[in-house]
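Close look at the chain arrangement
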Amino acid sequence: MLRLTDIKLDLDHAEGEIKPAVLKRLNLKPQDLISYSVCRRAVDARKRTAIALIYTLDIEVRNEAALLKRFARDRNVAPAPGESYRLKARAPASPTARPVVIGTGPCGLLAGLVLAQMGFRPLILERGKIVRERTKDTWGLWRRSVLNPESNVQFGEGGAGTFSDGKLYSQIKDPHHYGRKVLTEFVKAGAPSEILTVAKPHIGTFRLVTIVEQIRASIEALGGEYRFQSKVEDIEIDVRADGSRQVRGVVLADGSHIATDHVVLAIGHSARDTFAMLFDRGVAIEAKPFSIGARIEHPQSLIDRCRYGERAGHPLLGAADYKLVHHCSNGRSVYSFCMCPGGTVVAAASEPGRVVTNGMSQYSRNERNANAGIVVGITPADYPGHPLAGVAFQRHFEELAFAAGGGTYAAPAQGVGDFLAQRGSTALGEVVPSYRPGVQPSDLAACLPDFAVAAMREALPAFDRQIKGFALADAVLTGVETRTSSPIRIRRDDSFQSVNTHGLYPAGEGAGYAGGILSAGVDGIRIAEAVAASLVGTSLQQTAAKTDAYPSP
């Protein structure tokens, strides 16, 4: 099988045009092309007047060796990579040890699933509720301004990604094609099969709810066990005479104890109380960069026209997205984050007395507005001292936003025109903000760092030069966006264990090793393999050598 890339066809091409394009590109006779399948389809919208589709294809031809020799210098023709996932280990017939996975976001889900597929019967602990009960609690904040600190956008089955756009693409290096494993498992659990081929796949919130339920059912069918509303309040660590440390168990909020030597920490980027507990127990933690800013909303039709011109509304294009970055004169970088076409801005607080925004959209992406975080990069130099100082930094500005919104979980909002003119908004214009439970016209400069405000004011006109209308006076900024990523990193070594606590496996976004659903799921697979290697007494290199031994279920 060969992988053929960069086959370009018109947006409205007929399905039958792919084969002739392959034959022409490779100078083949029809009888020499045995079969082809679409591996990936991307949109090339660099020229709005000539939008095209770019295909990556897996093809089977007669005399493959001769064709490869003929195209030896063509980087677009190569052997197809093996993307099927193979389990790296098998649990013994009667395993004595049982790994514990803390958290059911995409990292914890994939770690638990792969461990279950290898036969290790993981015990999965989640501080929040099952996804449908969690959804009711989340709507309680959005509709009634009632926050449940243990069941919200951040906490509960599925993690923070459940209430998002459901983006399933990443820029991480993935030489072992673990991302394909994540996508394949999502399709098995009910995601549309197109996520395996489109260049920028997404699912949307409602479909993610069903998917996490199906993955839970698969894990339980393989011997895994879930315990919801089971918050881990302490970790037992045995400190030996030589100073080495070994996990021995976890203690839950109800006082119960679970003995285990292998704990996967897939706790998410908002488990601030757990971060503090780990720090108090001496686990190696360091501050890391993250970003702060606000959500911006425009009419989706404006973004569609700017990106696609006359082809806006074409069924293969859907709602347009964007990705923007500006390097400011004050040394800061401003960029768009978690862009949600045809979506809504949502209340994402997890602590009382604080306001946090995020973006969400459904699979259809057919809401009126487009939204994205417009955020400014910050580093530990902005919050020096304690490794958890970034948490305090986030909380400070979330509290300011709560006060500016009126103290009811309404969010402060400001028209872009007012923001650029350095005056607070007393009313908003034609762009209706989607944030619920509501917004309060305000001055975002009062609840963001001065350097971030200055950088955003410089960046918005620069973005307008790329997308005409981006600095539209009636566009709305809603604050604050603080949870772009974890403010800490729980340091780990080459075996994926904590650098100073054996048996503790920091994982995913909360530990500082992922950013988004796909990369978190990939990290979960890596962690599962590392835990399996430890449980069967082999090295990661030895388990990697067994790649072809155990087909994935």
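Anyway, here's the lowdown on the structure attached to this text. Worth saying up front: this structure is predicted, and the values here are computed from it rather than measured. (Residues numbered from 1 in each chain as written. Predicted model: local features only at pLDDT ≥ 70, side-chain atom pairs only at ≥ 80, totals over all residues. Heavy atoms only, no water.)

Let us now look at the overall build of the protein. Helices and strands together make up the secondary structure of the protein, namely 13 helices and 25 strands. For 553 residues, the compact-globule estimate of 2.2 N^0.38 gives 24 Å, and the C-alpha radius of gyration of the protein, at 25 Å, lies within 12% of that figure. Each principal axis of the C-alpha atoms in the protein carries an extent, and together these give about 70 × 65 × 40 Å. Looking at the protein as a whole, 56% of its 553 residues are labelled buried. Nonlocal contacts in the protein, meaning residues at least 24 apart in sequence, comprise 73% of its contacts between residues at least 6 apart. Here the protein has roughly 22,700 Å² of accessible surface; of this, 50% comes from carbon and sulfur atoms. If you average the places of the 65 positive and of the 57 negative side-chain charges in the protein, the two averages end up 4 Å apart. (Helix = DSSP H or I, 4+ residues; strand = E, 2+ residues; numbered from the N terminus. Rg over C-alpha atoms; globule rule 2.2 N^0.38 Å. Buried < 20%, exposed > 50% of the residue type's maximum accessible area, 1.4 Å probe, protein only. Contact = heavy atoms within 4.5 Å. Areas by Shrake-Rupley, 256 points an atom, 1.4 Å probe, with all protein chains shown as cover. Lys, Arg positive; Asp, Glu negative; His and termini not counted. Charge placed at Lys NZ, Arg CZ, Asp CG, Glu CD.)

With that settled, consider the sheet that holds strand β10 (residues 245–252). Read from one edge of the open sheet, three strands run β9-β10-β11, paired in antiparallel fashion. Looking at strand neighbours, the two that pair on one side only are β9 (232–239) and β11 (257–259), the edges of this open sheet. Within the sheet, the average angular offset between the axes of one strand and its neighbour, ignoring direction, is 30°. Of the pairings in the sheet, the one linking β10 to β11 comprises three bridges and is antiparallel in character. Opposite Gly-249, over in β11, you have Ala-259 as the bridge partner. (Pairing = 2+ DSSP bridges. Axes fitted to C-alpha atoms, helices over the stretch in contact; angles between N-to-C directions.)

This brings us to the sheet that holds strand β7 (residues 123–125). Spatial strand order, β8-β7-β6-β12-β24: five strands in an open sheet with parallel pairing. Of all strands in the sheet, those with a lone pairing partner are β8 (225–227) and β24 (504–506), marking the two edges. Strand after strand, the sheet turns through a mean of 20° between neighbouring axes, direction not considered. The sheet contact formed by β7 and β8 spans three bridges and is parallel. Looking at the pairing, Ile-124 lines up with Tyr-226 of β8. Each of β12 (263–265) and β24 touches helix α12 (residues 517–535); the most contacted strand, β24, lies at about 165° to it.

A word on the nonpolar core. Counting 79 residues, the largest nonpolar core has Leu-26, Ile-59, Tyr-322 and Phe-470 as its most contacted members. Considering each element in turn, this core owes the most residues, seven residues, to helix α11 (residues 450–466). Setting aside residues no more than four positions away along its own chain, Ile-59 makes contact with Met-1, Leu-2, Leu-4, Val-22, Leu-26, Leu-33, Ser-35 and Tyr-36. Ala-111, Ala-116, Ala-514 and Val-522 belong to the second-largest nonpolar core, a separate cluster that totals 51 residues. (Core = buried A, V, L, I, M, F, W, Y, C linked by side-chain atoms within 4.5 Å.)

Time to look at the layout of surface pockets. Of the volumes computed, that of the second largest pocket is approximately 330 Å³. Taken together, 17 residues form the lining of the second largest pocket, with Gly-343, Thr-344, Val-345, Glu-367 and Ser-434 sitting closest to its centre. At the level of elements, α4 (131–144) and β17 (344–347) are the ones that each hand at least two residues to the lining of the second largest pocket. Counting residues per element, the lining of the second largest pocket draws most heavily on β17, at three residues. Classifying every residue of the lining of the second largest pocket by side-chain character gives seven nonpolar, seven polar and three charged. (1 Å grid on protein atoms, 1.4 Å probe; cavity = no way out; pocket = protein on both sides within 12 Å on 5 of 7 lines; lining within 4 Å. Points joined across faces, edges and corners; volume = space filled by probe spheres on them. Nonpolar A, V, L, I, M, F, W, Y, C, P; charged D, E, K, R; others polar.)

Let us now look at the side chain of Arg-295. Within the fold, Arg-295 resides in strand β14 (residues 290–299). The class for Arg-295 is buried, based on a relative accessible area of 0%. Within polar-contact distance, the side chain of Arg-295 engages the backbone oxygen of Phe-337 at 3.4 Å. Within polar-contact distance, the side chain of Arg-295 engages the side chain of Glu-481 at 2.9 Å. (Polar contact = N/O pair within 3.5 Å; in protein donor to acceptor, adjacent residues only side chain to side chain.)

This part takes up helix α9 (residues 389–404). For α9, spanning 16 residues, the distance from its first C-alpha to its last is 23 Å, which sits close to the expected 22 Å at 1.5 Å a residue. Burial in α9 covers these residues: Ala-389, Gly-390, Val-391, Phe-393, Gln-394, Phe-397, Glu-398, Ala-401 and Phe-402. Taken together, the buried residues of α9 touch α7 (272–280), β14, β19 (369–378), β20 (411–415), α11 and β22 (476–481). Gly-406 sits one or two residues past α9 and shows a positive phi near 105°. (Expected span 1.5 Å × (residues − 1).)

Another aspect to go through is the pattern of salt bridges. Pairs can form between side chains of opposite charge whenever their charged atoms are close. For the structure on display, the rule yields 38 salt bridges. Its salt-bridge partner being Asp-273, residue Arg-127 comes within 2.8 Å of it at the nearest N-O pair. You can see Arg-127 sitting in the loop between β7 and α4 and its partner Asp-273 sitting in helix α7, a full 146 residues away along the chain. Accessibility expressed as a relative area gives 33% for Asp-273, which makes it partly exposed. Salt-bridge contacts for Lys-468 lead to Asp-464; the nearest nitrogen and oxygen are separated by 3.8 Å. By relative accessible area, which is 16% here, Asp-464 ends up buried. Among the charged side chains, a salt-bridge network with shared partners connects Arg-272, Glu-351, Arg-354, Arg-395, Glu-398, Glu-399 and Arg-483. (Salt bridge = Lys/Arg side-chain N within 4 Å of Asp/Glu carboxyl O.)

What follows is about the packing of aromatic side chains. The full count for this structure, using the stated rule, is eleven aromatic pairs. Taken together, a centroid distance of 5.0 Å and an interplanar angle of 75° make the contact between Trp-139 and Trp-142 edge-to-face. Within this pair, Trp-139 and its partner Trp-142 are both found in helix α4, separated by three residues, close to a single helical turn. Residue Trp-139 is classed as partly exposed on the basis of its relative accessible area, which comes to 30%. The class for Trp-142 is buried, based on a relative accessible area of 6%. Relative to Phe-470, the ring of Tyr-322 has its centre 5.3 Å away and its plane inclined at 85°; by these criteria the two rings are edge-to-face. Separated by 148 residues along the polypeptide, Tyr-322 in the loop between α8 (300–308) and β15 (325–327) and Phe-470 in the loop between α11 and β22 bring together distant segments of the chain. Classification of Tyr-322 by relative accessible area gives buried; the value is 5%. A residue is classified by how much of its surface remains accessible, and Phe-470, at 0% relative accessible area, is buried. Ring pairing ties together the aromatic residues Phe-290, Tyr-383, Phe-393 and Phe-397, which thus form one cluster. The ring of Phe-155 has Arg-127 lying over it, and the distance from NZ or CZ to the ring centre is 4.0 Å. (Phe/Tyr/Trp six-rings, centres within 6.5 Å; stacked < 30°, edge-to-face > 60°. Lys NZ or Arg CZ within 6 Å of the ring centre and 35° of its normal.)

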